2 protein chains.
Amino acid sequence: MNIILLSGGSGKRLWPLSNDIRSKQFIKLFQREDGSYESMVQRVYRQIQEVDGQASVTIATSRTQVSAIHNQLGEAVGISIEPCRRDTFPAIALACSYLHDEKGIGPEEAVVICPVDPYVDRDYFEALRELALLSVQGNANLALLGIEPSYPSEKYGYIIPEHAGPVSPVKTYREKPDQKTAKEYIGQGALWNGGVFACRLGYVLKKAQEQTGFTRYKDLYERYETLPKISFDYAVAERENRIQVMRFGGQWKDLGTWNTLTEEMSEPVIGQAMQNENCENVSIVNELNVPILCMGLKNVIISAGPDGILVSDREQSSYIKPFVDQIEQRVMFAEKSWGSFAIKDVEEESLTIKVTLNSGHGMNYHSHENRDEVWTVISGTGRAVIDGEARTVKSGDVIRMPAGCRHTIYAQTELKLIEVQMGSEISVHDKKKYPLPDVPNDMSQP
Amino acid sequence: MNIILLSGGSGKRLWPLSNDIRSKQFIKLFQREDGSYESMVQRVYRQIQEVDGQASVTIATSRTQVSAIHNQLGEAVGISIEPCRRDTFPAIALACSYLHDEKGIGPEEAVVICPVDPYVDRDYFEALRELALLSVQGNANLALLGIEPSYPSEKYGYIIPEHAGPVSPVKTYREKPDQKTAKEYIGQGALWNGGVFACRLGYVLKKAQEQTGFTRYKDLYERYETLPKISFDYAVAERENRIQVMRFGGQWKDLGTWNTLTEEMSEPVIGQAMQNENCENVSIVNELNVPILCMGLKNVIISAGPDGILVSDREQSSYIKPFVDQIEQRVMFAEKSWGSFAIKDVEEESLTIKVTLNSGHGMNYHSHENRDEVWTVISGTGRAVIDGEARTVKSGDVIRMPAGCRHTIYAQTELKLIEVQMGSEISVHDKKKYPLPDVPNDMSQP
């Protein structure tokens, strides 16, 4: 199975754990059997591989997510990088051309396209495999997955099938309705449109040619900015007559808000927290390393992370976005392809950061114009290159890098260091990258 | 006026802002006219000086509070250090002997004794001055301040006066009653016992002689551990026949819980926070440097600091102590006589701390047996002594101190540094102090 997972944007709806560079699909909230936690993207990736060990997975996303994807899924996953944000049609066209041109997938092969963040079970991915088979049987150009509605939701578009069989031609589509209209649709056998499609790869490429003039990956990538902002539904699905919908009655949940998300947590509390006996229906996600004490709270969600603290009535947690938009704040934590960083202290003319480099990874070779830096290695071993000179580093070592000094560090084992940045104009944009000079060691760039 | 302020214990009732070493009276919650914040102890000290610029103030407390007192009040304030915790009678006896033997106060002079943490206005301290005068007029051995009750409280003892005049002989005392009984007492003209006494200094010394066998400061201090745990009320006031009570009808509040404390905050929010329009009666004290977002909360108190986060129904915030007692946590922030420290990162074999030295202060000259340390100075200027060698330090300087290395630093201007401690057995007890060696500079020990 060829599957394209659409990995969406910055998602402030799950602030403070999602931020401008960490989308909700990367927050580790779901308990694995071994007790550890996995993110939405890790859960979906694992489920796909459990259903189809041979599946070729490509994630369609923006550049900002690449580091987090590699950090969480490893290097084997395919990534189609959107140079800027357009809507789903350009994103899908680009990803399909990537599969064709870069991965060598033939135009007759089926491809399944779906969002990266539904909360589903194994049967969903079994349904996707069936949907892929259906899409190449020749009875239709496009096959949709229709989710059997569990309530008259106003959040989803609806698909009206011709009949109630497991696979039916599509009669028509309906936009997100009000609750009353949703009830009528459901009375007519309507299904939720979960944004899941399957078709031959060549079908998307043909649509791309018709609507953008390009089918080659290189062309679509380079001219991506000029492509129209249009959804796959509008651009393709709603104009297609040879289209089928396959019913899906299994679990399918959109965990886009703290309210829906916390309902699916197997335990009401992740992280350090205590509640007195007068608390009821309280969910807590605490990524800080200090405890949260709750007294007499009812129907409250608390989420605490390096970027801030949310304390919300359960139902009102769906409406945080306009408030979070007002918060102008430095990103305090980020996953990178090589590991992660966490800001530990902010002063007017200094910034203290903990850097964690995963084993076998290193950062770019770079310098800063307007700040001095000091590294104190607190655990692990590795190699550093400072102004062209390589050296071994280990816990306890201190490296001073005045402004202009070129530097990088590579972790042989997981390596943690405290970085103190000092200067009157500390900025993430003050960074010049260089190719790594020839040094006699194993400093491969990640 | 000679005034002894009794500064009580660790006060977990205001967790997370109070902890084992920071008592509630040191939390800066009260807005000054210039917009900055002062603590209870600073507020009371300022009020005393506004009423009586000549007042001699002595704080009776344990060793753990000495650093915070000097940090908040300066070096001029007198401190009577209790070698261990006994009850108020030994504490008052020790402080009075300190006034007599160390400060040269004569036995005929009046002394006023009161808790450090009532929330009061200027008129309270004017009343204390009158109480002091009353106590040396010869009509009684002991003068009490009786607070006019504002409601039938179950939290206070009651004083029943002979009559309703401004000054009356005491008829009797009553223990903390239930609400119904409290109403009856109030019907009889009873006053709250706020633990405020005035008498001649020699009176307390005489009682100390009678009950402990000692009156000299040195003796009381050295044998403090052997003294009985007994309150001044039981040991002295309730056995005294020549005793008067002076009525006080001004503001007097005991801000011992988050509920009572937040009521007196001039603004419902201290620190970074946002609330949506559906929040009602929410108080927030946020000492962290990230925002708190509140959605749809009613009658809730939130307090966040380096030690943890409290989210509590307003009324239930009075009952946090047993829960806080269960939290075993490293103290993440502390005020010292020379400044403060804040733990920024904790790893298995390292600890990262921000140290702030106040201008003109330095730490002890010391070494650690089982850990290496690295200082990165992030602001300010000063002098360091490392293994006997003095050097000037400024922002950007890095100093490495392997285990065993003797070190100290003295701030010429306010000086901040990031200290990284590394070792497998990091402990606050791993510290050896030394006298500062002769070095040609201005490194005076604080």
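Rules and cut-offs
- Residues numbered from 1 in each chain as written.
- Chains lettered and ligands numbered in written order.
- Predicted model: local features only at pLDDT ≥ 70, side-chain atom pairs only at ≥ 80, totals over all residues.
- Heavy atoms only, no water.
- Least-squares fit on C-alpha atoms with pLDDT ≥ 70 in both.
- Contact = heavy atoms within 4.5 Å.
- Buried area = accessible area lost by both parts, 1.4 Å probe.
- Salt bridge = Lys/Arg side-chain N within 4 Å of Asp/Glu carboxyl O.
- Pairing = 2+ DSSP bridges.
- Helix = DSSP H or I, 4+ residues; strand = E, 2+ residues; numbered from the N terminus.
- Axes fitted to C-alpha atoms, helices over the stretch in contact; angles between N-to-C directions.
- Polar contact = N/O pair within 3.5 Å; in protein donor to acceptor, adjacent residues only side chain to side chain.
- Buried < 20%, exposed > 50% of the residue type's maximum accessible area, 1.4 Å probe, protein only.
- pLDDT = per-residue confidence, 0-100.
- Phe/Tyr/Trp six-rings, centres within 6.5 Å; stacked < 30°, edge-to-face > 60°.
- Expected span 1.5 Å × (residues − 1).

Points about the relation of the copies chain A and chain B
Rotating chain A by 180 degrees about the axis while translating it 0.1 Å along that axis superimposes it on chain B, leaving an RMSD of 0.1 Å. Expressed as a symmetry operation, the mapping of one chain copy onto the other fits a two-fold axis. Closest approach to the rotation axis within chain A is made by the C-alpha atom of A:K344, at a distance of 2.8 Å. The fraction of interface residues of chain A whose copies in chain B are also interface residues reaches 98%, indicating that both copies meet through the same surface.

A look at the interface of chain A and chain B
It is common to give the size of an interface as the accessible area that goes away when the parts come together. On the side of chain B, 52 residues touch chain A, which itself brings 53 residues to the contact. When the two sides are added together, the surface that chain A and chain B hide from each other amounts to roughly 4,400 Å², 66% of it contributed by carbon and sulfur. It is A:L293, A:M295 and A:I309 in chain A that bury the most area against chain B; as a group they hold 15% of the surface buried on that side. For B:K416, the salt bridge is made with A:E347, and the minimal N-O distance between the two is 3.0 Å.

Describing the sheet that holds strand β20 (residues 333–336) of chain A
All names here are of chain A. On the basis of which strands lie adjacent, the open sheet formed by six strands has the order β20-β21-β22-β29-β24-β27 and antiparallel pairing. This sheet does not close on itself; its edge strands, each paired only once, are β20 and β27 (398–401). Averaged over all pairs of adjacent strands, the angle between strand axes in this sheet comes to 20 degrees, irrespective of strand direction. With seven bridges connecting them, strand β24 (residues 372–379) and strand β29 (residues 415–422) associate as antiparallel partners. For T376, the partnering residue across the bridge sits in β29 and is I418. Across the sheet, helix α2 (residues 66–73) touches β20 and β21 (339–347), and the angle it forms with β20 is around 70 degrees.

A word on the side chain of A:D345
Mapped onto the elements, A:D345 comes out in strand β21. One polar contact links A:D345 to B:K344, side chain to side chain, over a distance of 2.9 Å. A polar contact is formed between the side chain of A:D345 and the side chain of B:K354, at a distance of 2.8 Å. A:D345 has contacts with A:S350, A:L351, A:T352, B:K344, B:K354, B:I378 and B:I418, leaving out every residue within four places of it along the chain.

Re the side chain of B:R383
Inspection of the secondary structure puts B:R383 in strand β25 (residues 381–386). Side-chain polar atoms of B:R383 contact the side chain of B:T392, separated by 3.0 Å.

Re the environment of A:V51
Residue and element names in this part refer to chain A. As for its position among the elements, V51 is in helix α1 (residues 40–51). Note on V51: relative accessible area 8%, which makes it buried. Those residues in contact with V51, other than ones at most four positions away along the chain, are R122, F125, E126 and R129.

Notes on the confidence of the model for chain A
Counting all residues, the mean pLDDT for chain A is 91, and 98% of those residues have values of 70 or more. Complex prediction metrics read pTM 0.79 and ipTM 0.79.

Some words on the pattern of salt bridges
All names here are of chain B. Scanning the model with the defined rule gives 48 salt bridges over all chains in all. The salt bridge partner of K206 is E210, with a shortest N-O separation of 3.7 Å. Here K206 and its partner E210 are both found in helix α6 (residues 201–212), four residues apart, which amounts to about one turn of the helix. The class of K206 is partly exposed, set by a relative accessible area of 48%.

Quick notes on the packing of aromatic side chains
The description of an aromatic ring pair uses the distance of the two centres, along with the angle that the planes make with each other. All names here are of chain B. Scanning the entire structure with this criterion turns up 26 aromatic pairs over all chains. With 6.4 Å between their ring centres and 35 degrees between their planes, F89 and F232 make a pair best called tilted. Taken together, the residues F89 in helix α3 (residues 88–101) and F232 in helix α8 (residues 232–235) connect sequence positions 143 residues apart. For F89, a relative accessible area of 1% translates into the label buried. Between Y151 and W192 the ring centres are 5.4 Å apart and the planes differ by 80 degrees, which places this aromatic pair in the edge-to-face class.

A word on α1(A)
Residue and element names in this part refer to chain A. The end-to-end C-alpha distance of α1 is 17 Å, a good match for the 16 Å that 12 residues give at a rise of 1.5 Å each. Most of α1 sits out of view: nine of its 12 residues are buried. The set of residues buried in α1 consists of M40, V41, Q42, R43, V44, Y45, Q47, I48 and V51.

A look at the sheet that holds strand β29 (residues 415–422) of chain B
Residues and elements named next belong to chain B. The sheet built from six strands is open, its strands ordered β20-β21-β22-β29-β24-β27 with antiparallel pairing. Single-partner strands in this sheet number two, and they are β20 (333–336) and β27 (398–401). Mean inter-strand twist for the sheet, computed between neighbouring axes without regard to direction, equals 20 degrees. In this sheet, strand β22 (residues 350–357) lies alongside strand β21 (residues 339–347) in antiparallel orientation, the contact comprising eight bridges. Residue pairing across strands places G339 opposite L357, the latter belonging to β22. Sitting on the sheet, helix α2 (residues 66–73) touches β20 and β21, and the angle it makes with β20 is about 70 degrees.

A word on the environment of B:H70
Residue and element names in this part refer to chain B. Looking at the element boundaries, H70 is found in helix α2. Residue class for H70 comes out buried when judged on its relative accessible area of 17%. Taking the C-alpha atoms as reference, H70 lies 29 Å from R371; in sequence the two are 301 residues apart. Every residue in contact with H70, bar those within four places of it in the chain, is listed here: E75, V77, I79 and S337.

Quick look at the pairing of strand β28 (residues 407–411) of chain B
Side-chain positions along a regular strand alternate between the two faces of the sheet. Residues and elements named next belong to chain B. Among the five residues in β28, five count as buried, and that is most of the element. Going residue by residue along β28, you find H407, I409 and A411 tucked away on one face and T408 and Y410 tucked away on the opposite face as well. As defined by bridge partners, β25 adjoins β28 across five bridges and the pair is classed as antiparallel. Residue pairing across strands places V385 opposite T408, the latter belonging to β28.

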